[in-house]
Each structure stands twice: as C-alpha cells, then as structure tokens.
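Coordinate analysis (summary)
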Amino acid sequence: MRNFTITIILAALPWIGTAQTISGKVVDGSTKAPLPGASVIVKNKAIGTNTDIDGLFVLNGVSIDDVLIFSSVGFQTQELKVGSNTTFNVVLQEDVEALDEVVVVGYGTQSKKEITGAVSVISSESIEAIKPTRIEQALQGQVAGVNITSQSGSPGGGLDIRIRGISTNGDNRPLILVDGNVIEELSVINPNDVASVSVLKDASAGIYGTRASNGVILITTKQGRRASPLTVEYNAYIGLQQTTRKLATLNATEYALITNEAHAAAGQALPYTNISDLGQGTDWQDAVFQLAPIHNQDVSLRGGGKKSTYSAGFSSFGQEGIVGGDKASFKRITGRLNYGIELLNKINLKASLLYSGTARQTLPENAIGSLLYNAVNMSPIIPLRDSEGNLSRALNMPIEVVNPLAQDRASLNETQADRLSGVFGIKYQPTDKISVEANYQWNYTEVLGRYFSPIVDFGEPGVSDKVFDNLTVRVFDNPFDIYRDYTVDAFINYTDTFFEKHNLKLTLGNSVFRTFAEGFGATGVGMPEITNIDQANLNDAEQIVPKFINVSNELFDSRLLSYFARLQYDYNGKYILSAVLRRDASSNFGPDNSVGYFPSASLGWIASEEKFLQESAFVDFAKLRLSYGILGNDRIGAFRYVSLLTGEGVYVFDNALKYGIASGAVANPSIKWEQQEAKNIGLDLRFLKYFDLTVDYFERKTIDLLLQVQTSRINGVTAPGAANPIANAGSIENSGIEFSLGYDRKFNDDFRLGLNFNAAKLKNKVTSVENQLGYEIGGSFGIGGLEGPARMEVGFPMGYFYGFKTDGIFQNQAEVDAHASYQKIGPSASPGDLRYVDIDMDGMITEDDRINLGDPIPDLTMGLNLSFDYKNFDFQSYFFASLGFEIVRNYERNNPLTNRTAYVMDRWTGPGSTNSAPRVTTAPTTNTLFSDFYIEDGSFVRAQNMQLGYTINDPSAAFEKLRFYLSVNNLFTLTRYEGFDPTTSTGSPLGGGFDQGFYPNPRTFSLGVNVKF
Amino acid sequence: MKRFKIRKLILLTLLAVFACSDDFVVVESKNQNTENYFNTAEEYELALIGAYDLLQSTYLNVMLGEIASDNTLAGGENATDVPGIQQVDDMIHTTFNQQLRDIWGWMFSGVNRANYILEFQDKTDFEGRINIIAQARFLRAYYYFELVKWFGDVPLVVDKRINFGQQFEVDRTPTSEVYAQIETDLLFAIENLPVQQQNVGKVTKGAAQALLGKAYLYQEKFGQAADVLDTLIASGNYSLIEDYSTLFENTNENNSESIFEVQYTDLEGASFDCLQCSEGNVAVGFQGVRSYSGPLFESGFSFNVPTEETYNAFDEDDLRRDYTILNIELFAEQNADYNNGAGVTYGEGFEHTGYFNRKYLPRKGDSNIGDPNLTNPNNYRSIRYADVLLMAAEAHNRKTTPDDAQALVYINQVRERAFGDNTHNLTVGGTTLTQAIWDERRLELVGEGHRFFDLVRTGQAKDKIDGFVENKHELFPIPSIEIELTGNRWDQNPGY
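Residues numbered from 1 in each chain as written. Chains lettered and ligands numbered in written order. Predicted model: local features only at pLDDT ≥ 70, side-chain atom pairs only at ≥ 80, totals over all residues.

Within chain A, the secondary structure is distributed over eight helices and 53 strands. What you see for chain A is a C-alpha radius of gyration of 32 Å, in line with the 31 Å of a compact globule of 1013 residues. By its C-alpha atoms, chain A is 110 × 65 × 65 Å across when sized along the principal axes. Counting over 1013 residues, chain A shows a buried share of 50%. For chain A, the share of sequence-separated contacts (at least 6 apart) that also reach a separation of at least 24 residues comes to 70%. (Helix = DSSP H or I, 4+ residues; strand = E, 2+ residues; numbered from the N terminus. Rg over C-alpha atoms; globule rule 2.2 N^0.38 Å. Buried ≥ 20, exposed ≤ 12 C-beta atoms within 10 Å, placed from the backbone. Contact = placed C-beta atoms within 7 Å.)

Written as structure tokens, this is what we have:
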C-alpha cells in the first residue's frame, strides 16, 4: 500500500528538468466560440488544468517532449506534441461518437472505451434530429435490438419498449431511470431536456439485479457546466398532422350490391331495390379524419460558476388528434431545475426538481365498437345527419356499431396527471481514489380521472339496442389516485492503479426502493347535462358512491432492498473485466422467497491496443466483449403471495346495495424470483477512420417465468374481483444478432456526411408452460369466437396466432362433400366458403385442427439514419423497418349489413371465380372463425422523419446560433398490410397483434426554430 | 491521521448503508388478509354478503335451463351468437363450452365463499352467529345443488376453501354424497334460521325447507319430500298471489309467494367482460325483444325465445299464458296506437318465434346504471310457493304409499289461481295425476329455469327434447379444460 502512495506522490511532483510555461485558447469547432471547462493535461503526467470562461488556459512545468491532451465532453480529443510551441490555439471538433464519451452505466460512469457490456447510447444530437414528441421515439430504429411499438397513434398514446424480445407474458417493460430516478411514464419528459440515453441490453444491466431482466434505460438530463457563461436555448415548432391512410371501404352503390347479393344467397328479399340512386353515399372515414395541429415550445438555460452548475428548462406541448381533434388531445407542460455545487472542499451537492402536468382526452380506441371500427363498419347508405339535421342513428346496424360522430360527441373525458420528481445527491471525494455518494430520488404523482357518461341512444329513439346506449341516468366517474415512490442509493467508489498498468475500480453500495399508491375518488350518479368535460362536478350528482367500500384504498406497496458490489479491472486499458454481484430482497414475494442473488460478469479485450493491430491502417479501434449474468424479475405487482380481501362481494338486501367482502386474486404463497440467464458476445470496430461497426450475438433464457396462469375454476378464480394466480410456470428463450454500422465524415468545412444503419434479428421461443395445459391463452377475435386466438405454448413464439389454416375456397358442392365435415364448428359448408385444413385428418374440422398461423414478433428490425451538412444547410432522414411479423385484421364486424373493405369486390361468386375471398351471404357460415384469412403480413418500412435545416452563424448578432427547419414525420410507410397502421400494437405479449381499428400514427409537417443565445 | 479519518468515514458510511435490514421488505397490505378475518360480528356479516353475491350469477343457470329444454330456443342475433348457448339448445354441446364452464366456475366460487365463512365459523362468538352460519350452509347447499344438477359427481369440499394447489388433490365425489351434504346443511339451516329475517332477501327457514324438499324430490325420496314440504305449507307463512299477472312485476318482488328470491338491482352494473360482476339480472337483457319500441318493455338481445308449442300448451282460458309468454304480434296489434300511432316496432333475431319470456323481460323505467342490457333489476323468483305446492303434490303422488287426495289439494290450488275458478280442477289419480302434475309444473314455471332438470328427473327428456341422447345428456360435460387443469385425473361424464 505504501509503495503505491509513494508512486502517486512522486507523480504529483512538478516535473523539474526542462520545464516551461505554455498557454493558449480552446474553441468549439462548430461555433468557433471559446470552450470553457475543457481539460488540458500532459500525457502520462499528473499535470493538467481546465480552460476558463473564455476558453483560455495556462500550464506550467511542461517539457518539449510532452504531449498535451485536449478534451471536453462531447468533443473529439486532440493530442499535440509540445515541441517548441508555447501558445496553443486548439479547435475541438464535436464528436457524438467519441470513445472517450462518458456513458452512464449505473452507480457511476464509464468511458465508452471501457464498456464491456452491450450498451447503446443515444446523444442529444440524435434526439434533436429525430424530433420525437416522446423520448421513446428516439429509440425506435436507433438502437439495434430495441423495438418500440405504439399502443395507439392518438396524442398521448402509450409506447411499448421491448429490449431484445419478449421474456414474459406479463410485464416486459425495461427499467427506466431518469437521472437515477425511476420514471416509467416517459410522456412526462420533454425530449429536449434529455442529454443522453443509455440502453443496457445484456448482463451489464446486472448492477440493477432483479429489475434488469427486461433491460435498463438510463436517461440523463441536460446539466450545466462549470465555469461557463449562461447559455439560453429556445426551440419551437408548429405543425399540422393528417392521417396516412384511409381504408378502402365500399361506397353506397357497391355496398348495396354486395348486401343484396348476400341476401339473395340466403334466399332473402333484397334490401335495396333502387341501387342506381345511391351514388357514393357517406364516407365515414372522411367524416372522422381531420387535420390537427401540434406545437411545442421550450426554453432552457444553463451555465455554471466556478464551483457550481445550473440548468433549467420549461416547455409546453400540445397535440390534437387526427380523429376527434380536441376530443383526442394531449397537453403537457414541464419545468425542470438542476443545480450542483461544490459546497466544501471535496463535497459536491446536486439537486434537481422536475414538474410535469399532462392532460389527455381520449375516444374509444382499438376495440370492437371503437370510433374507427365504427367508421369502417357503418353503412355508407346512412347519411351523416338525418333530415332534421341531427346526427344519424345507426339503424339496423349490429349493437356495437353506432354513428362515429355521435360517439365523438358523447365522448366526454379527461385524465390529468401532475407529477413532481426530485433528486438530491451528495458526493464526498476525500481523495482522488475514493468517492462516497448518496442519492435520494422521489416521485409524487396525482392522477385525476374525469369520465362522463351522458344520456345517449345511438340506435332507435328511446330503444336501448346499442351497447353504448345510456338512456336513463348520467354518470360521472371521478377517480383520484396518488402514486409515490422513492429510491435511496448509497455507494462507495474506490479507484486505484497498481504497478502502473493494473487499474481497479470497486463499487460497493445499497439501494432501497419503495413504490406505493392510494386511490380515492367517487362516482356521481344522476348528473346534470354537460357539453364539455370541464363542466362536470361531482357535487352536482344526486348520489355519490365512493370508490372504496369495505376495501382499503391501498393500490399497492412494493419494496426492494438491494446490496451490490462491482469490480472493474483493466490491465493497461487492454484487458477489461467487470463483475457484479447483487442481492435483492423484494416485498412482492413471501418472506421465505424474497431474497435473490444475481451475479454477472463481463470481459473486454481491446485488440487494437495489441501490437499486431496498432500499426494496422485499416483498424483504428477494436474491442471484443463477452458478458454473462443472471438477472431477475419481480414485476408481478404487490401481495400476490398472500390472499387478501380485495375481491368484490356485493349483494342486495332490502332493495339496496350492500357491500361485503370477498377474497381477491387467488394467492400463490410459493412464488419466487424469475431468473434470466443472459449471454452476450460482441465486437466494436472503428475502421478506416470513419466507420464504426458493432455486432452482438445474444441469448436470453428466462426460467421460473412469473406467469398469471390458468387454474381450475374450482379455486374460485372467476368470482367477482378474483383473478388467476401468479406462478413460476414457464420458460422462454430469446436469441438474436444485432448489427450496427456508422459512417461519419467531415470532408471539408462545408460538407459532412453521416450514415448509420442498424439491424437486429430476433428469435423467440417458449420452452415450457407448466400449468397442466402446456399453453396459456389470450386475445380475442370477432364476437363470441373460440377462446384463445393467441397462445403462449411450448415450441412456439410468445403470443402466436392459433386458428384454422385455409387452403382456398370450396368451388363446388363436390369439393364440399369430399372435404372434412364442419359439423363440429358450425353450419355445414357451401360452395364459396373457406376451406379449412383437416390437420389431424380425422374427417372432422374441430377445435383441434387449429395451428400456428404466425406471430406478432418481428423477425428482423432495422433502422437507417442518413444525414449531411452542406455549408449552412443540414439534412437528416431516418427510417425504420420491421419485417416478418403478422397482424390480425379484426376491424371487420362481418355482419350482413355492415360495410366492408374493397377486397370483398373480388369475392367468390361462382365456380372458378376466385380462391381467396369467400362468398357473401346473410346465412350463418363458418367463414368468420379465426383463420389465416384474417392474418396479414405486417412487415413495413417507414420514413419516420425527414428534416432540412438552415443555420445562421453570425457572431455579431444577438444570438449565437439560429436555425430554422422544416420537418416531416411519418412521411410514408411501405407495407402490404391493409389496416390503418402496422406500427401499432396493444403491446400485450399475448393477444397484442389484433387490429380492431388502431388509431394510426399521424403524418406531421412542422416548421421549427432553434435559437441559442 | 488523515487516512484514519477516511477509514472512519468509510466505515460509518458502510454501517449506514448496511444498516438496512430485510425487515424493510416485510410489508403488510392495508387490505385484510383472508386468514386474519372474522374478528367481529360485522366481519361475518360482510363475508356473508360476499357469499350471497354469486347467487346473481345463476342468471345463466336459469336461462340455459330453459334453452336446454323443450320450452325455448336459443335465439340471439344469428346462429353463431354465443355458440355455447346455441349448442346447448341443439343438444350438440361438447366438452368445450364457455357457458358451461362459467356455470362450473361461478358455482364453485359460491361454494368457496360459503366455505370461507364456515372454515372460520368458530373463531369469534357473538349474538346471531348461528343465523349467519345457517345462511352460509344454505348457500353452500344451494350452489352444490346447482352443481349436481348440471354436472353430477363434483368435488365436495366442506368447511374449507379450495386454495391454489389443492385442485390437484380433490376428486369427484359421488352425487349421493354431495346430496347427503346438501341435506345435512339444509337440516341445519332449517333448525337455525328464523321464519323471517330482518333484511329482505336473506335466507329463511322456509327457503331451507323448500330447497330440502326439492333436493329430496330430485333424489326421489318422495316420503321425506312430502314431510318437509307439508311442514312448510302447514306453517301458513306463504300463500299464492291472487293475480298471476302481477307476479313478475318489479313492484311485486319478495311477495308472500316468494320463498326464496335472488335479489337484483339496477343500481350497479358491469361489462360483458365480467357478467358475474353485475348486480343486475343479466338474463333479462339477453331475453329482451330485439330493437323493441313500445309500451311496458325495453329491448334486448332476443335470446331464450319460447316455441309456439310452448305457447299452445296453455289452455285458452289459462290466465297465466299471456303473462308468461309475450306474443309480440298480438301485443303489437293491441298497442297499435302507441306513440301517436307509430305502434310497437321490433326486430327479428335468430330463430324468431314471435314469443318472448315475459316473466323476465326488461321493464321500462329502470335506471340500468352501468349498462342498459346487463343491469336489469328483476329479481329471480327462485322458489315460489306454487313450485312448493306442485313439488308436494308430486311427492304425495309418487311416495311409497301415495296420497293422491292430498296431491290434488295442492295441485288444484295452483290451477284455481291459474284459471280464476275451480271448474278446471283435476280429479284424476295415479300415473295420470303424475303426468298432470308434471305438465302443470311446466305451465306454472315456464321461463324460470326448471324445465330441463324436471324433464331429466322424471325421465321425459328423451321424448320431449330434440337431440337428447339417453345416458348422455342427463348431465352436462365437465369442461375438458377443467379436467386438465386439475391434473387429468377425473373421468368425463358418460357419452362425452
């Protein structure tokens, strides 16, 4: 120990010999502005300084043989030999992909060079280029192996992030930390506040133990820099959105012809006798789609004093829907304050506060009877409005189908969320080797729901014949929930170097996490009429029913206590080892099963440091990575191991409701940690100066999968308020290859070209389901169809589609007679009906003849960025693609009187007419059963963003930088899928790919400005 | 020195860091643990409400009990509207039937909730405890009676819940043993329940006697059935409502004829995802006239439509007919002036017969909070005094030493009310009387869910129900998925 101390003291002594004093200035290559806080150090010596506020520096004791290293976060590092120079004017070029870039990896940072795990980083520049309305969109197509799907294209609609596939039929969300704080609802973050996003994809996430099995996303917000002047940035854009697609539904004339044919086929009277007068009829989609505005403004300030940093940001965002306008809107305001100070010598404090307020209004979406479903199925013969100018009623339409405009008008709801988040941290660095850090992070969220049900009848006047009818009483549902969580981390970092070449870093710490929530609120029955949701007031109700009667208002209380230790070692920056052990205790399991140990380790070899590559003209940098670890998962919600009285026990005595108690979800006391074995091998290569290549192969095997399993109903699982239990009852494997290639070259001062391509191939397979059945079911198709059109089953991908396979259409009765009987599945077949394959060849089509018809998990996802700067112009474009997945077309009501899409024009009309679309008839057929006839290839390529900017750099002006840009989001999508949008999915692992009229992601044209003062 | 300080600091920090203990993750929910309940009289009462709750899910048993019989057809929108119901109507149901699985699951949920109370019946003593225990035992008997009617041998679990894991340990118990438990429970209930409860809707001594009589009848223990039903009748606590036409109106709920009634309300609804969660009578909306506009009624989904044969089975003079079955064409004629001459309009669903189950149709003027079709307040008259009289008549007629005179006294009370005079009274005896009683049961109880089981019990099913296969359709199949989920140890019912 003493030896090392001496070494360091020696090293710290000023170099005597041929010492001289040098000085100079460091400027930012892109803005030519002075670069404060840049580091200037002498290579292999402990001499160094930072530039001051004007970018100036002075350094003593430098010899002519020394090499100076100029660096600053976000800039390419430069090395210069001192020689005879005494003044240095250094221009540092911005570098988003710099290897020295500091990457947040959890309880500390690492330089990109040192990282041995599969970690991807997205910089603020990329985020700026993509112009996401939500930060998740910045990940789509940017990071190989990360797949983003939107639950809906409606404003404020949720996005699902899946890192390296799907590992459970439950919660697949990665752990998301914003400045160390758990924030999983990312709609509250203003994307312009984000400085960088790190995605931990493999066992390197192991430092987060139990919470890491779905990957970890670390988001850092923009911080100020010490000794830098106040910088003010203002960004704004305004845009217009439109739908990318309308489905080709039949017009009134076509509809009448088809409907008549269907009636004739069943020997019924023709409903439309005078077809020639019908013309085009009503285009319901035209009636519901509209142009909708979107706008955003934000301002941010940052800077720093000698010992402090500060930054602040405020933003306001508003978006209306392309269906529903302000009835499907999202508004967000955010405010952010970050402050850091070196309080006493070697003690640093940091504090930040984040506020966000959101308000979202929604229409019925992606469900049977939702607004777009109705727009597609409503008869084109029904006019928008009747002769008296009232919105038409959906006469003779099935009970789910109503006038979508009337539905829009009756839709009165809003969800408001106010969130306050804080971070307070203290870091003490007694020596260069040791730092002790403690952080306290918390979130407080209030969610207020305002859901109003007016009195409506969508069908016959005064007749309740629609499922949405409400003829007698207005009801106002007014829940109010409070969510809280906090994380307290404390850890020690010890860094040291032994024998010059052995670098060691030790981290030891613990973390405490608690998330808990309470529900309040009430339902008001007998409300007065309102026209706007703002007018709804619970006090106006005739009767107020509280939300919680005889059950506690506790929604959940989950806690986690963790200890972790990490060892990072490298030999001469060439061979790198990292090992982590984490112990977690979770309150979601019973006391006997609460503790889990999660080890992980990774190795790195920087081959380019080896002699045989050092001289290579081709390879500039090469690193081989290997990682292995056990990760955990406890995301099943609180208290599933214990039987609680949270069920519904309500009955009527004396003609009044009486609220009793009953047990809730069926308990399973033996549930324990789900475990995942994660393996990764990867290669990072920088070659020919401008190319960056990363390739990874991974395997993730999850065992003891925490599933909500079917169990016998004699356990009481279908009692009101009860549910199936959770059990460790399955295993699943994900494996794949990820590839990304970047090219970035500045040819001269006027021209820069950047290209980035990434791709990920994924294979997902369920390897066991231990519930006696060997499968779990999900999803629903049509109305009253067979249970479980989606399955989780051994040997198949998660959530694969399970139905009948067709091999064409019966062309004549002889074919019907020769085929297996339909007796067990419905009416017997006629010519023109779909021909189902008798898989088990027993001469009968039965439920057992259903097979795998595809799955909603893409085999291959890709992203492409192309950008160039020419003089003051900059251009970015950004594409992504998902290939090899299926979507179920489930937006058709398939009723004799509802409208249809254009393919029905090519239906079977007689022997030999077609072998693809079945006949039309009002008679019952088996054609509406779930089969591959309803499954389409969802593969697509989407131009997500194109942006052209022009920058004015005028040092004499009041601003430092002024940029205007024109941007188009979602310009086009190449796909054979016929529904509204192949990029949307409910995100549910089981039953996610059923399109019941997804609200499409809009195409947005926007005009924006960035100003920097 | 400095290093020592640092060490001390590190030590302190480490201490602070590791001072957290695993106690932090030992969390008690603010919600009551099921194992720590039953500490006060009120807690027993609240658990009892939970046990009653599943009675409301028996709407499906009632509706399907009719559809399975010769009384009605499935109806609905089209031939594939709720396939499980359509199949039962046509006697082509298989081991894969969602509605049968619902009945299975809901009845066992009821059994579990009753058993939950009984598991802890001795934990806390208080005044009125025995009353609560007796109600719980009645409910268990009620749910098990439904289970044996539908499925025959079913797992019998007494005074404990079937917790997760235990489904692999229970076997199907022979029907006779289940009946023995039903009898024991009901005898206890009779012993310990009051004639009248403080709250309308709670089980009474009379209800227990009536259900016991019915359980005896199903087992063909006619002597015992006659005894218990005689006692009930002799108590004088119940009587027939004079005017049959008002019997099923919502204003006439819990009347003197109602021995046991399942209570529903229009104040709290549910969705199609959880039909059993509704506090309303779901069957009522299902049975409503499709797209109906007219007086008295509201519309519904046109399921469970009576056949013409059922309608014609009534004598022209039978006052019950027009209040049992709605003849929609006739009704439209009679109300042609409705709504300023617009008249009655309605849609025609699948298997439209023109007849509807008037006893349980949606009535105008209900709040229907939650869903207009799923939250109808019509109480289900589970056991009526008329049913008791006919059961007693049958018991006397079929017991070892028949007492047809007594049987005639009982059946003629029912007929006198039906025809408003005594000129239609019967005077027959022997097997003629037996058949007359059975026919009378049908007419008196159409639409109330008894017909299928009466046909099976009396051996008439094969002759009366199209598609009925002997030694198969007497019982419904245990859903095959339930057999799998309990470990593939149970035999399926014969024929499936």
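Secondary structure assignment for chain B yields 20 helices and eight strands. For the C-alpha atoms alone, the extent of chain B along its principal axes is close to 115 × 60 × 45 Å. When each of the 496 residues of chain B is scored for burial, the buried share is 55%. If you take every contact in chain B between residues at least 6 apart in sequence, the share linking residues at least 24 apart comes to 69%.

With that settled, the discussion passes to the pairing of strand S16 (residues 216–221) of chain A. Residue and element names in this part refer to chain A. Buried residues dominate S16, accounting for six of its six residues. Of the two faces of S16, the one lined by Val 216, Leu 218 and Thr 220 and the one lined by Ile 217, Ile 219 and Thr 221 are each fully buried. Strand direction decides the pairing type here: strand S13 (residues 175–178) and S16, joined by four bridges, are parallel. From the neighbouring strand, Ile 176 faces S16, where its bridge partner is Ile 217. Relative to S16, strand S15 (residues 194–200) runs antiparallel, the two being bridged by six bridges. Note on S16: the bridge partner recorded for Val 199 is Ile 217. (Pairing = 2+ DSSP bridges.)

This part takes up the confidence of the model for chain A. Taken residue by residue, chain A gives an average pLDDT of 89. The fraction at 70 or more is 97%. Here helix H1 (residues 2–12) of chain A is the element of chain A with the lowest mean pLDDT, 38, and strand S31 (residues 650–653) of chain A is the one with the highest, 97. (pLDDT = per-residue confidence, 0-100.)

Residue-level contacts link 79 residues of chain A with 78 residues of chain B. Only strand S23 (434–453), strand S24 (475–498), strand S25 (502–525), strand S27 (554–571), strand S28 (575–586), S31 and strand S32 (656–659) of chain A provide two or more residues apiece to the side of chain A that touches chain B. Here the side of chain A that touches chain B is composed, by residue class, of 37 nonpolar, 30 polar and twelve charged. (Nonpolar A, V, L, I, M, F, W, Y, C, P; charged D, E, K, R; others polar.)

Our next topic: the packing of helix H9 (residues 222–234) of chain B against helix H15 (residues 385–398) of chain B. Residues and elements named next belong to chain B. Two elements in contact, H9 and H15, have axes whose closest approach is 8 Å; the angle formed by their N-to-C orientations is 140 degrees. Overall, the two elements H9 and H15 adopt an arrangement that is oblique. Between H9 and H15 lies a crossing whose hand is left-handed. Residues Phe 222, Ala 225, Ala 226, Leu 229, Asp 230, Leu 232 and Ile 233 of H9 pack against Val 388, Met 391, Ala 392, Ala 395, His 396 and Arg 398 of H15. (Axes fitted to C-alpha atoms, helices over the stretch in contact; angles between N-to-C directions. Parallel < 35°, antiparallel > 145°, perpendicular 65-115°, else oblique. Left-handed = near helix turned anticlockwise from the far one by under 90°.)

All names here are of chain A. In spatial order, the strands read S39-S40-S41-S44; together these four strands make up an open sheet with antiparallel pairing. One side of each edge strand has no neighbouring strand; the edge strands of this open sheet are strand S39 (775–778) and strand S44 (851–852). Sheet analysis places strand S41 (residues 800–803) next to S44, joined by two bridges and oriented antiparallel. Looking across to S44, one finds that Gly 803 is bridged to Ile 851.

This paragraph deals with the sheet that holds S15(A). Judged by pairing direction, the sheet is mixed, and its five strands sit side by side in the order S10-S15-S16-S13-S14 (chain A) without closing on themselves. Both outer strands of the open sheet, strand S10 (119–123) and strand S14 (181–182) of chain A, are each paired with one neighbouring strand and no more.

All names here are of chain B. Ranked by size, the top nonpolar core spans 270 residues in total, and within it Phe 138, Leu 186, Ala 208, Leu 211, Leu 229, Val 388 and Ala 392 carry the most contacts. With 15 residues, the single largest contributor to this core is helix H6 (residues 129–151). When near neighbours in sequence (up to four residues on either side) are disregarded, Ala 208 contacts Phe 138, Leu 186, Ala 189, Ile 190, Leu 193 and Val 203. (Core = buried A, V, L, I, M, F, W, Y, C linked by C-beta atoms within 7 Å.)

Attention shifts here to helix H17 (residues 430–445) of chain B. Residue and element names in this part refer to chain B. For H17, built from 16 residues, the straight-helix expectation of 22 Å at 1.5 Å per residue is met to within 8% by its first-to-last C-alpha distance of 22 Å. Of the positions making up H17, those classed as buried are Leu 433, Ile 437, Glu 440, Arg 441, Arg 442, Glu 444 and Leu 445. Packed against the buried residues of H17 are H15, helix H16 (404–419) and helix H18 (451–457). Just past H17, the residue Gly 447 takes up positive phi, approximately 85 degrees. (Expected span 1.5 Å × (residues − 1).)

Although it is not a glycine, B:Val82 adopts a positive phi angle of roughly 50 degrees. Here B:Val82 is to be found in the loop between strand S1 (72–75) and helix H4 (83–89).

Over its 16 residues, H16(B) extends 21 Å from the first C-alpha to the last, a length consistent with the 22 Å expected when each residue adds 1.5 Å. B:Gly420, located one to two residues past H16(B), shows a positive phi value of around 75 degrees.

With that out of the way, let us pick up the confidence of the model for chain B. Chain-level statistics for chain B give a pLDDT mean of 94 and a share of 96% at 70 or above. Scoring the predicted complex yields pTM 0.89 and, for the interface, ipTM 0.95.

Along the chain, A:Pro720 turns up in the loop between strand S35 (706–708) and strand S36 (726–728). Along the primary structure A:Pro720 and A:Val216 are separated by 504 residues, whereas in three dimensions their C-alpha atoms are 37 Å apart. Not counting residues within four places of it along the chain, the set of residues in contact with A:Pro720 comprises A:Gly647, A:Glu648, B:Asp53, B:Cys274, B:Gln276 and B:Cys277.

Along the polypeptide, A:His819 turns up in the loop between helix H8 (813–818) and strand S43 (834–836). Spatially, the C-alpha atoms of A:His819 and A:Arg835 are 8.3 Å apart, while their sequence positions differ by 16 residues.

This next bit is on the pairing of S13(A). All names here are of chain A. Of the two faces of S13, the one holding Leu 175 and Leu 177 and the one holding Ile 176 and Val 178 are both buried throughout. Summarising the sheet, S13 and S14 pair through two bridges and their orientation is antiparallel. In the strand pairing of S14, Val 178 is matched with Asn 181. Between S13 and S14, which pair antiparallel one after the other, the connecting turn spans two residues, and Asp 179 there sits at a positive phi close to 50 degrees.

Moving on, we come to the environment of A:Val105. All names here are of chain A. By secondary structure assignment, the location of Val 105 is in the loop between strand S8 (102–104) and strand S9 (109–111). The buried category is assigned to Val 105, around which 23 C-beta atoms lie within 10 Å. For the pair Val 105 and Ser 939, spaced 834 residues apart in sequence, the C-alpha to C-alpha distance is 34 Å. Excluding residues that lie within four positions of it along the chain, Val 105 makes contacts with Gln 110, Ile 115, Val 119, Ser 198, Leu 200 and Ser 204.

Take the packing of helix H3 (residues 59–67) of chain B against helix H5 (residues 98–119) of chain B next. The angle between the axes and the distance between the axes are what describe a pair of packed helices. All names here are of chain B. At their nearest, the axes of H3 and H5 sit 10 Å apart, and the two run at 135 degrees to each other. Put simply, H3 runs oblique to H5. The element H3 and its partner H5 pack so that their crossing is left-handed. Residues Leu 60, Asn 61 and Leu 64 of H3 pack against Gln 99, Asp 102 and Ile 103 of H5. The class makeup of the residues in the contact of H3 with H5 is three nonpolar, two polar and one charged.

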